[in-house]
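Residue-level listing of the chains:
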Amino acid sequence: MDTTNVTLTDLFEVEQLQKIQDAFAKATKVASIITHPNGVPVTKPSNFCRLCNDIIRKTDKGLANCICSDAEIGKRNPDGPTIRVCLSAGIWDAGACISVGGKHIGNWLMGQVKNELVPDEQLLHYAGGIGADEGDFRRALQEVQIMSMEQFRDIADLCYILANELSLKAFQNLQQARHIAERKMTEVALRESSERLKLLLDVNNAVVSKLGLPQLERLIPTRIRQAMQCDSVYLSMPGAEGQYFSVKGLDFPTSRGYLREGMILDMHPVGDPSAKPPPRGTITRLKGQVTSVRRINEMEGFKSECLIPVVAAGEKLAVLHLNDRSVDHFSSQDAAFLTQVANQIAIAVKNALQYQRLSRSCERLVEENLYLAKEIQAEHPFDEIVGGSLALRKVLGHVMTVAGTDSTVLISSETGTGKELVARAIHNRSDRRDRMFVRLNCAAIPAGLLESELFGHEKGAFTGAVERKIGRFEVANGGTLFLDEIGDIPLELQPKLLRVLQEQEFERLGCTRSIRVNVRVVAATNHDLRQMMREGRFRADLYYRLNVFPIYLPPLRERKGDIPDLVKYFVTKYGRKMGRQIDEVPGSVMDALMTYDWPGNVRELQNLIQRAVILSPDNVLISPFAELNETNSGRQEIQVKSSQTTLVERERDYIQRILEETGWVLGGSDGAAARLGVPRTTLIYKMRRLGIPRQPYN
């Protein structure tokens, strides 16, 4: 703290001075007051008579110069406190100077004491000379004690000692105030340094992170305004051709509305950093400004502005604007620091712009890819299904019709025709294509495990259930479940499957809590479900629930026009897998493939082509014609013997005759199972497989 402008009240509290003065006046019985050097009272008067109070009120600005003939004592004694004792019409007056560091900061004035040398009449004459009322002055004299010069000097010496102590205390308070001010300045400097270091750290974090340009535009001005303690911070980003700048990331809590986010600034390119203080009361005219920008600054009340170019590798990326409504807010040190910040900002903005350009390029590539995929799909809508025959196109038309719905689909066809491919085509063109496609071959799972496979089980639900298992319906939740060979599902499991199709809920084995799912079911079979329904081997309600949208997939012999495409596809597939290049399929080979009936359908053709690729030594496909001839001969023999009774029919007739002889009793020592020499469960399985319905026991 500088002593040039320090005052008494800067170093002492008035209440503290008042207590010291009142104690002095009470002990000495003399009037006392502490004033500034010009006589303006600091404390309230102590032991003042009514006349003195009245005179102080009447003097200019209430100066207490009526007690001591020289109120500004310290001006004559700048080296320390002194005492002046004088006679003013018989009244003893005295004063002591209070100073600090050689500067006069106050007076301690005392007096209002009659001496024994001057009679009261002389004092009354003095009162008339100064314009006091004689009666008031006479009554006031009665309140003033008579004191000898020696007594008054002793009291004046005490006043000197107290004033000296106050001067010493003032020096101590000044030193303490200086220490406090220095500590505060240090704290402010440390806080500013911490804020600036944190600002650099934030900007550096923005550089190394994957922040996009909009995030940088919001982060950087906010952090800079907090660190620099100014009114407004924003970035101005150049347009496409650099002819204009737009305001980005404006952080201006006290805006008047003239400076807005996104507005266009007509600016010249900014060169060197500038932080030029304006003349007091005028708008800053900074390098790079034009009339429109100065007008905005004037309307917002800005008196200081700091412009920092953001440049990376010679490319001007942006301009950093700092504005404040106070004069001389920014210094050259601030500009130097902000230039360092701008270097980090330039790296971050450069990376963000490159990332933005790459993102746009990726988006354009994705759009082009989607467009090309749509074009390819328009020409070849079913890449997974090979063929172009009329029968196959009819099937694919049904697929396109039903794919967009959630209806249950039943695909009927012989084995090996590609029913799963049709099911996948339905899933891939539905709204569920982004979710799971789960398949299950009902014929490949033992009857006792099929329920657990479909619906899952809890731990301990049955022997061997050592942990909880999630069923296929839960796995396919939100997607599509393909149930192949649906005709082989056990009769006792069909009601539970029907419930899932109708209610979309089920219970795991060993659990009583119902589980809701959202699953689309596509089923397939190579059996005649209508015949099985008539024979009682397939529930009618389940059949009608599955047969919402039936699709019949013709066997290969009914669409032989697809054979050339299939042959070409399989030759390319297995040739690439085996590292062979087969370019030619002889006409004789193709004719043989076209005349064959293909009882195994596409699967048989696939296996035959795989063997042909293995057997072909060069780039010409060789077909195993002998195998085709043997297969045709075998089929002819089967046709010859078809009129004879088959082994299956004989087994059915034999079991049915035993059942009739035992009265349709299955178990027990006299039951049909004992007669046949098989367990009761095996007999039940054979009856189900052979289509023998159970008869009630009479």
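Quick caveat: nothing in here was measured; it's all calculated off a predicted structure. (Residues numbered from 1 in each chain as written. Predicted model: local features only at pLDDT ≥ 70, side-chain atom pairs only at ≥ 80, totals over all residues. Heavy atoms only, no water.)

Q: Would you explain the packing of helix 17 (residues 563-578) against helix 18 (residues 587-595) in this entry?
A: Pairs of packed helices are described in terms of their axes, by the angle between the two and the distance that separates them. Packing of helix 17 against helix 18 leaves a shortest axis separation of 10 Å and a crossing angle of 120°. Classed by the angle they form, the pair helix 17 and helix 18 counts as oblique. The interaxial crossing formed by helix 17 with helix 18 has right-handed handedness. Here helix 17 contributes Ile563, Pro564 and Val567 to the contact with helix 18, which in turn contributes Met590, Leu593 and Met594. (Axes fitted to C-alpha atoms, helices over the stretch in contact; angles between N-to-C directions. Helix = DSSP H or I, 4+ residues; strand = E, 2+ residues; numbered from the N terminus. Parallel < 35°, antiparallel > 145°, perpendicular 65-115°, else oblique. Left-handed = near helix turned anticlockwise from the far one by under 90°. Contact = heavy atoms within 4.5 Å.)

Q: Could you clarify how one ought to interpret the pattern of salt bridges in this entry?
A: Side chains that differ in sign of charge can pair as their charged atoms come close. A full pass over the atoms with the stated rule returns 22 salt bridges. Across the salt bridge formed by Glu453 and Lys469, the nearest N and O atoms sit 2.6 Å from each other. Residue Glu453 is found in helix 12 (residues 447-455), and its partner Lys469 is found in strand 13 (residues 469-470); the two are separated by 16 residues along the sequence. On the accessibility criterion, Lys469 (28% relative accessible area) is partly exposed. Salt bridges sharing partners connect three or more residues here, namely Arg499, Glu505, Glu507 and Arg516. (Salt bridge = Lys/Arg side-chain N within 4 Å of Asp/Glu carboxyl O. Buried < 20%, exposed > 50% of the residue type's maximum accessible area, 1.4 Å probe, protein only.)

Q: Explain the sheet that holds strand 17 (residues 520-525) here, please?
A: Within a sheet, neighbouring strands are paired by backbone hydrogen bonds and run either parallel or antiparallel to one another. In space, the five strands of this open sheet follow the order 11-14-17-10-18, with parallel pairing throughout. Two strands lie at the open edges of the sheet, namely strand 11 (437-441) and strand 18 (549-552), each paired on one side alone. Within this sheet the neighbouring strands show an average axis-to-axis angle of 20°, counted without direction. With five bridges connecting them, strand 11 and strand 14 (residues 480-484) associate as parallel partners. Across the sheet, Val438 pairs through a bridge with Leu481, a residue of strand 14. (Pairing = 2+ DSSP bridges.)

Q: Please clarify how the confidence of the model for the protein should be interpreted in this entry.
A: As a note on interpretation, predicted positions should not be read in detail where pLDDT is low. Averaged over every residue, the pLDDT of the protein is 79; the share at 70 or more is 78%. In the model of the protein, strand 2 (residues 83-88) stands out as the element of lowest mean pLDDT, 46, in contrast to strand 17, which has the highest, 95. Every residue in residues 57-90 scores below 50 in pLDDT, and together they form 92 contacts with partners more than four places removed in sequence or on other chains. This model gives residues 269-288 a pLDDT under 50, and the stretch forms 48 contacts once residues within four places in sequence are excluded. (pLDDT = per-residue confidence, 0-100.)

Q: How should the nonpolar core be read in this particular structure?
A: Nonpolar side chains in soluble globular proteins generally cluster together in the buried interior. One finds Ile224, Leu320, Leu322, Leu338 and Ile345 to be the most contacted residues of the largest nonpolar core, which totals 32 residues. Broken down by secondary-structure element, the contributors of at least two residues to this core are helix 6 (149-208), helix 7 (213-228), strand 5 (232-238), strand 8 (304-312), strand 9 (315-324) and helix 9 (332-379). At 11 residues, helix 9 tops the list of elements feeding residues into this core. Membership of the second largest hydrophobic core comes to 31 residues, among which are Cys442, Ala476, Leu483 and Tyr543. (Core = buried A, V, L, I, M, F, W, Y, C linked by side-chain atoms within 4.5 Å.)

Q: For this particular structure, what's the right way to read helix 14 (residues 494-503)?
A: Side chains that are three or four residues apart share a direction in an α-helix, a result of its 3.6 residues per turn. Those residues of helix 14 lying buried are Gln494, Lys496, Leu497, Leu498, Val500 and Leu501. In this fold, the buried residues of helix 14 make contact with helix 12, helix 13 (472-475), strand 14, strand 15 (505-507), strand 17 and helix 16 (540-546). Remark: Gln504 follows helix 14 within two positions and exhibits a positive phi of approximately 60°.

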